[in-house]
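# Per-entry structural report
Listed below, chain by chain, are the residues.
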Amino acid sequence: MSIVTVQLGQCGNQIGHEVFSTLCSDICGTHGLCSKKENESYHDSCKERFFCEEESGVPIARAVLVDMEPKVISQTLSMAARSGHWKYNSQAHFCQKQGSGNNWANGYSVHGPRHKEAIMNLVQKEAEKCDRLGGFFTIMSMAGGTGSGLGAFVTQCLRDAFPTSFILNHVIWPYGTGEVIVQNYNSVLTLSHLYQSSDALLVHENDVIHKICAQLMNIKQISFRDVNQVIAHQLGSVFQPAHTAGGGSGYSRNPLGDLMEALVPHPEFKMLGLRNIPQMPENSLAYSTFSWPGLIKHLRQMLIANAKMEEGIDWQVRPPHPGSSMPSTNKPLHFNTSIANLVILRGKDVHGVDLGSFQDPSLYTSWLNPQDAFNAWKTPRAFNKYEKSAALVSNSQFLLKPLDSIVGKAWNMFASKAYIHQYTKFGIQEEDFLDCFTTLEQVISSYTNL
């Protein structure tokens, strides 16, 4: 099944480009470390998901590019074409001249309705090219105006136009110290609107990825491109083909559907976090060896201690003892309760890996059966030059702290009516803000009470 990617705003277009580049270099690479037959079916499955073939043999990304200013889109199109490995469809982009000025309301209430028809026509065309449409993957930032405001609007339009397709929103969480004064408003408005129309939100925090670049990748002067490449690597490790548990011999048919089925058992809980291990500069790979038990042990501790990467994990955090009927308030400090987890293993000897430690009932909320709460996908095909690698997609309390903090900051500004006039002039009223706060307070309280 094919996925149509919708890249929104500067951030979405830059990350989208890195994602397609990562997928492409992975399938063109000779580092598969698996049988020829396995490699071919992996190759075909990825191509069908993310690219459509054309006569010249250059794969074309199944993507629609949207931005309210032309610069980033034209850069992105030409960079892809220059790579020679893949390109965008030169007709599938929409841009304007004026930008959204980091104002969510401008993107949502002005640009959205004004350009709805043009944007949805492009999406419709891409969707019609798919033999089987698996759903939509949107990439956007929460802090600015186009990605967030127009992104929320376009997601609603997708939901109306394709009521039965899966929609996964990939959202970039802004730096805590932030580059945009109203980023907390924009974030609150984006998240609460996406919560209404999306099937799940997959979140990357800029601060976390920045740390990974500094501490694991040893990059001295970190650029947005470095950050985006780490994000693209993590996304690729989830979306490249893998075998699902009951999937028989073939690769999973519908990656978005399988992801939602494994991780989103209830519409109140749809915030997904992603962890990836190992991560290191390419030139260190040759000197490193990894064992599956070691990787799995680290990944599990990253999950329960809510660690962002494999360095600096708090090994003191333990799951609560089974059978101790503690009220949720007395939970061991910092323990991260999960609703559902998905582990994706890639590389050699995957089929013998023991994942029993992830099936421990004490990791999960009491209202779900641990058998239903944990899933594993595997493939012997190595990913992106890593002989062995594991990704964890988790629906858990990962995002509780950042969510609580962003809502708190936005509320403090709202209470003093700071900058509200910038939104009301585009038709977003104070009641709309209050509705958004209510939606997110409910999400926070549901995750807190796991």
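Source: prediction; values computed, not measured.

## Comments concerning the domain arrangement of the chain
- Once the domains are mapped, the chain shows domain 1 (2–271), domain 2 (282–321 + 334–397) and domain 3 (401–449).
- Between the C-alpha centres of domain 2 and domain 3 there is a distance of 34 Å.

## Focus: the sheet that holds strand β1 (residues 2–8)
- Strand order in the open sheet formed by 10 strands is β6-β4-β1-β7-β8-β9-β10-β13-β11-β12, and the pairing between neighbours is mixed. The open sheet is flanked by β6 (93–95) and β12 (374–379), the only strands paired with a single partner. Looking at each pair of strands side by side, their axes are set apart by 20° on average, direction ignored.
- Inspection of the sheet shows strand β8 (residues 166–173) paired to strand β9 (residues 200–205) by 6 bridges, in the parallel sense. Counted as the bridge partner of Trp 173 is Glu 205 from β9.
- Where helix α3 (residues 70–83) meets the sheet, its contacts fall on β4 (63–67) and β6, and the angle it forms with β4 comes to roughly 150°.

## What to know about α3
- Here α3 contains 14 residues, and its C-alpha end-to-end distance of 20 Å stays within 8% of the 20 Å for a straight helix at 1.5 Å per residue.
- All buried positions along α3 are accounted for by Val 72, Ile 73, Thr 76, Leu 77 and Ala 80. For α3, the angular spread of the buried residues around the axis is 130°, confining them to a single face. Away from the buried face of α3 by more than 90 degrees, exposed residues Lys 71 and Arg 82 are located.

## Structural notes on the packing of helix α5 (residues 146–161) against helix α6 (residues 183–197)
- Put simply, α5 and α6 touch, their axes get as near as 9 Å, and they point 5° apart. Relative to α6, the element α5 lies roughly parallel. The segment α5 lies against α6, with Ser 148, Ala 152, Thr 155, Gln 156 and Arg 159 engaging Asn 186, Thr 190, His 193, Leu 194 and Ser 197.
- In terms of residue class, the contact of α5 with α6 is made up of 2 nonpolar, 7 polar and 1 charged.

## Focus: the nonpolar core
- Counting 146 residues, the largest nonpolar core has Phe 239 and Phe 358 as its most contacted members.
- At 8 residues, the largest contribution of residues to this core is made by helix α4 (residues 104–129).
- Apart from the residues within four sequence positions on either side, Phe 239 is in contact with Arg 49, Phe 50, Phe 137, Leu 168, Leu 202, Leu 256, Leu 259 and Arg 346.

## Some points on the side chain of His 243
- Tracing the backbone through its elements, the reader meets His 243 in the loop between α8 (224–239) and α9 (255–263).
- Since its relative accessible area comes to 14%, His 243 is described here as buried.
- At a separation of 3.1 Å, a polar atom in the side chain of His 243 contacts the side chain of Glu 38.

## Comments concerning the pairing of strand β13 (residues 388–396)
- A large share of β13 lies buried, amounting to 9 of its 9 residues.
- Both faces of β13 are covered, namely the face carrying Lys 388, Ala 390, Leu 392, Ser 394 and Ser 396 and the face carrying Ser 389, Ala 391, Val 393 and Asn 395.
- Here strand β10 (residues 271–277) runs beside β13; their pairing, made up of 5 bridges, is antiparallel. Each bridged residue has a counterpart across the sheet, and for Arg 275 the counterpart in β13 is Leu 392.
- Sheet analysis places strand β11 (residues 338–347) next to β13, joined by 9 bridges and oriented antiparallel. Bridged to Val 343 within β13 is Leu 392.

## Structural notes on the pattern of salt bridges
- In the structure shown here, the tally under the stated rule is 10 salt bridges.
- Its salt-bridge partner being Asp 26, residue Arg 381 comes within 3.3 Å of it at the nearest N-O pair. One end of the pair, Arg 381, is in the loop between β12 and β13; the other, Asp 26, is in helix α1 (residues 9–28), with 355 residues separating them in the sequence. Take Arg 381 and Asp 26: they sit in the same class, and that class is buried.
- Across the pair Lys 36 and Glu 40 runs a salt bridge whose closest N-O atoms are separated by 3.8 Å. In this pair, Lys 36 and Glu 40 both sit in helix α2 (residues 36–50), 4 residues apart, roughly one turn of the helix.
- Take Lys 36: its relative accessible area is 66%, and that puts it in the exposed class.
- The partly exposed category is assigned to Glu 40, whose relative accessible area is 43%.

## So, the environment of Arg 132
- Mapping Arg 132 onto the fold places it in the loop between α4 and β7 (133–141).
- It is 36 Å that separates the C-alpha atoms of Arg 132 and Glu 282, two residues lying 150 residues apart in sequence.
- Residues within four places of Arg 132 in sequence aside, it is in contact with Met 1, Ser 2, Glu 48 and Arg 253.

Rules behind the numbers
- Residues numbered from 1 in each chain as written.
- Predicted model: local features only at pLDDT ≥ 70, side-chain atom pairs only at ≥ 80, totals over all residues.
- Heavy atoms only, no water.
- Domains from an automatic or database assignment.
- Pairing = 2+ DSSP bridges.
- Helix = DSSP H or I, 4+ residues; strand = E, 2+ residues; numbered from the N terminus.
- Axes fitted to C-alpha atoms, helices over the stretch in contact; angles between N-to-C directions.
- Contact = heavy atoms within 4.5 Å.
- Expected span 1.5 Å × (residues − 1).
- Buried < 20%, exposed > 50% of the residue type's maximum accessible area, 1.4 Å probe, protein only.
- Arc of directions from axis to C-beta.
- Parallel < 35°, antiparallel > 145°, perpendicular 65-115°, else oblique.
- Nonpolar A, V, L, I, M, F, W, Y, C, P; charged D, E, K, R; others polar.
- Core = buried A, V, L, I, M, F, W, Y, C linked by side-chain atoms within 4.5 Å.
- Polar contact = N/O pair within 3.5 Å; in protein donor to acceptor, adjacent residues only side chain to side chain.
- Salt bridge = Lys/Arg side-chain N within 4 Å of Asp/Glu carboxyl O.

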